[in-house]
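# Per-entry structural report
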Amino acid sequence: MPRAIGIDLGTTNSLVAHVDERNRPRVLPADEGRPILPSAVHYGADGAVEVGAAAKQRAPERPLDTVLSVKRFMGRGPGDVKPEDRGIYRFDEGGAVVRIAVAGGSRSVSPMEVSAEILRVLKRRAHEALGGTPGGCVITVPAYFDDAQRQATKDAGRLAGLDVLRLLNEPTAAALAYGLDKRMEGTFAVYDLGGGTFDVSILRLDGGVFEVLATGGDTHLGGDDFDRIVARRLLDGGLAPPAPSPSPAVLRGAVAAAQRIREALSSEEVVEADVELPEGHRLRARLTRAELEDLIRPVVERTTTPCHDALRDAGAPRVDGVVLVGGATRTPLVRRHVRALFGQEPLTDLDPDTVVALGAAVQADALDRGGREDVLLLDVIPLSLGVEMMGGVVEKIILRNSTIPASAAQQFTTYADGQTGMVIHVVQGERELARDCRSLARFTLKGIPPMPAGIARVEITYAVDADGILRVSARELTTGIEQQIQVKATYGLGEEEIERMLVESIEHAEADVTERFVREWRVEGDRILASLDSAFEIDGELLAPPERAAIEERMRGLREAMAGSDYLAVKAWIESVDAASKEFAERRMNKHVAMAMAGHRVEEFAEHPRVTGSKEDDLENQDG
């Protein structure tokens, strides 16, 4: 029977694994008998495509036609391309997705197409090792991958002809492999520093249940950053002849040399290099471990805040163990930093390069044939999901670190009389205002029966599946009219943006809450003023001139308060207007009840059911 496989689609290297007949996860050979496949793809001018070690060897001489670290571009738009990347690749600027010009500029490829080439090789190797076409597969992704990045990864799997059973967060996969191997229980931190991304997750392992309590990270931080910093140092001091603006070929060669030097310094105290580079350049350098650590220390320290935030969100002042994942964690400075962060020696029993693929294989086996019925994974979403309401404030529907799959529904009402449409603006983030969060999607629910403001009831449901993909539906409860979409986030989100969202939500918490209150009370004030203006026009004769003048005076006070930023003043004036207009409202009610009952007997009026809702907030409106 076809066997399911687990794939670690990494920034620097990729692997494929499966669970053998003895129920043990094993990494399969992927490139010339080695388990690790370099995530490198070379496009020849003749149309030939090379993947793996052979492609990586071509990078220095053919940098524009060899794509490395493509994972950084997954789910990204042209506006997210970094300056250092523009010095190495040629990009096609048109369209919503990053496209890289290769094969001498004769074709362009998307990150999904490049990743699919890597996945095809892994699939082929699995076919050879297992003696048949693999069944379904689980592909791992960084925990902080957003919707666009996850969708791009699934698209790459489909392009490669794989049946993607699920996307699994890399730290969760590592904990799954480590916990099952060691039969451990307790609260653990997974510190995952790979080639291009950093993730930290806090998990509780108890009786076969792997519950993610909190997650954090930076999806643009990893060993590649170490190598770029070291390469710049080497170019500044050891390039002969000097080149003020090194070509892409020289840059690629220097980065490759920097990686070799950095990896060697994990076991050596000093490394000397004499490297021949393209275009007649030569790189002569001597670097000590102490010098390397001075260079990369600022990058390593950037992992501190996400770790502290994850511990706080998990409510775990301490952990029972720390699991290291990713090749960059072999760096001695990183291990010392982890020891200082968590107050204990990290666990290094399993190979940090293969542990994610092993965990993916375990999960794939469980999904495909129920091979691990004793295992339950409870993962979380990284950022809150909400909807924009009137005034630009955000109502959060699913909170960050909620366990997935997750679903939540909330009822809202209309803002204006006769409103027949409602714009649903889906946002993601921790800030109080929609402008400060990430816009995911907009769609319009049409066909709402024209009714007075506040009578219609619209139920909005958010559902996040096991892959972290969001679906949103909106249904008007009176008519049953419904619209729904699968949210495919804009490809143009920058990698640091998720981390920035969390930091800013803390830094601006007080100001955000204050502005939220200001906007909410302004919306309420606008509603009251509009209602009173309409009432004056219809039933103004019910008020004596002095009575109307008194109400209008307080309405002027409310308008002046609404122009300022003191929400308590707005609230006080609203209460004042309410008090002044209370008797007017009673006269209007008596008048209209009398008109409705004229010519009828009391017995004719039956009691009508009341419509109630759990949440009666106002969404952005669209009048029909």
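So, a few notes on the structure that sits alongside this text. Throughout this description, residue numbers start from 1 for each chain and increase along the sequence as written. Where totals are concerned, whole chains, interfaces and linings use all residues; where local detail is concerned, this predicted model gives features only for residues with pLDDT of at least 70, and gives and counts side-chain atom pairs only at 80 or more. The side-chain quantities take in all heavy atoms of the structure and omit both hydrogens and water.

Pairing within the open sheet is antiparallel, and its three strands lie in the order β6-β5-β7. The open sheet has two free edges, formed respectively by β6 (49-51) and β7 (66-68), since each of these has just one partner strand. Shown here is a sheet whose adjacent strand axes are inclined to one another by a mean of 15°, direction ignored. Any two strands with at least two DSSP-identified bridges between them are counted as paired. Helical segments are the DSSP runs of H or I of at least four residues, strand segments are the runs of E of at least two, and each set is numbered from the N terminus. Inspection of the sheet shows strand β5 (residues 40-43) paired to β7 by three bridges, in the antiparallel sense. Note on β7: the bridge partner recorded for A40 is L68. Pairs of residues are marked as contacts when any of their non-hydrogen atoms sit within 4.5 Å. Fitted lines through C-alpha atoms give the axes, limited to the stretch in contact for helices. The angle between two N-to-C directions lies from 0 to 180 degrees. Seen against the sheet, helix α3 (residues 111-130) touches β5, β6 and β7 and runs at an angle of roughly 110° to β5.

Let us now look at the side chain of D65. Along the chain, the position of D65 falls in the loop between α1 (53-58) and β7. Identification of polar contacts relies on pairs of N or O atoms within 3.5 Å, with a donor-acceptor requirement for protein atoms, meaning one able to donate a hydrogen and the other able to accept it, and with residues adjacent in sequence counted only if both atoms are side-chain atoms. At 3.0 Å, the side chain of D65 forms a polar contact with the backbone nitrogen of G104.

Time to look at the environment of S581. Summarising the element assignment, S581 is placed in helix α15 (residues 567-597). Each residue's exposure class comes from its accessible area (1.4 Å probe, protein chains only) as a fraction of the maximum for that residue type: buried when under 20%, exposed when over 50%, partly exposed otherwise. Judged by its relative accessible area of 9%, S581 falls in the buried class. With 33 residues separating them along the chain, S581 and R548 place their C-alpha atoms 8.8 Å apart. Residues within four places of S581 in sequence aside, it is in contact with L532 and I551.

With that out of the way, let us pick up the pattern of salt bridges. Here a salt bridge means any side-chain nitrogen of Lys or Arg lying within 4 Å of a carboxyl oxygen belonging to Asp or Glu. All chains considered together, the criterion is met by 41 salt bridges. Among the ionic pairs, D65 bridges to R90, the shortest N-O distance being 3.1 Å. In this pair, D65 sits in the loop between α1 and β7 while R90 sits in strand β8 (residues 90-92), placing the two residues 25 residues apart along the sequence. D65 gets classed as buried once you look at its relative accessible area, which sits at 3%. R587 is the partner of E583 in a salt bridge, and the nearest nitrogen-oxygen pair spans 2.8 Å. Of this pair, E583 and R587 both sit in helix α15, four residues apart, which is roughly one turn of the helix. Connected through salt bridges with shared partners, the residues D274, E276, R282 and R284 form a single ionic network.

The next thing to look at is a nonpolar patch on the surface. Nonpolar side chains (Val, Leu, Ile, Met, Phe, Trp, Tyr) within 5 Å and like charges within 9 Å form the patches, drawn only from residues with over 30% relative accessible area and no salt bridge. Surface exposure here means Shrake-Rupley accessible area, sampled with a 1.4 Å probe, where a residue is shielded only by the protein chains that are shown. Taken together, the side chains of M589, V593 and M597 present a nonpolar region at the surface, about 270 Å² in accessible area. Tracing the backbone through its elements, the reader meets M597 in helix α15. Classification of M597 as partly exposed rests on a relative accessible area of 33%.

Locating S69 in the fold gives a position in the loop between β7 and α2 (83-86). Using a relative accessible area of 15% as the deciding quantity, one classes S69 as buried. In this view, S69 contacts T11, S39 and D224; residues no more than four positions away in its chain are not counted. Polar contacts involving the side chain of S69 include one to the side chain of D224, which spans 2.7 Å.

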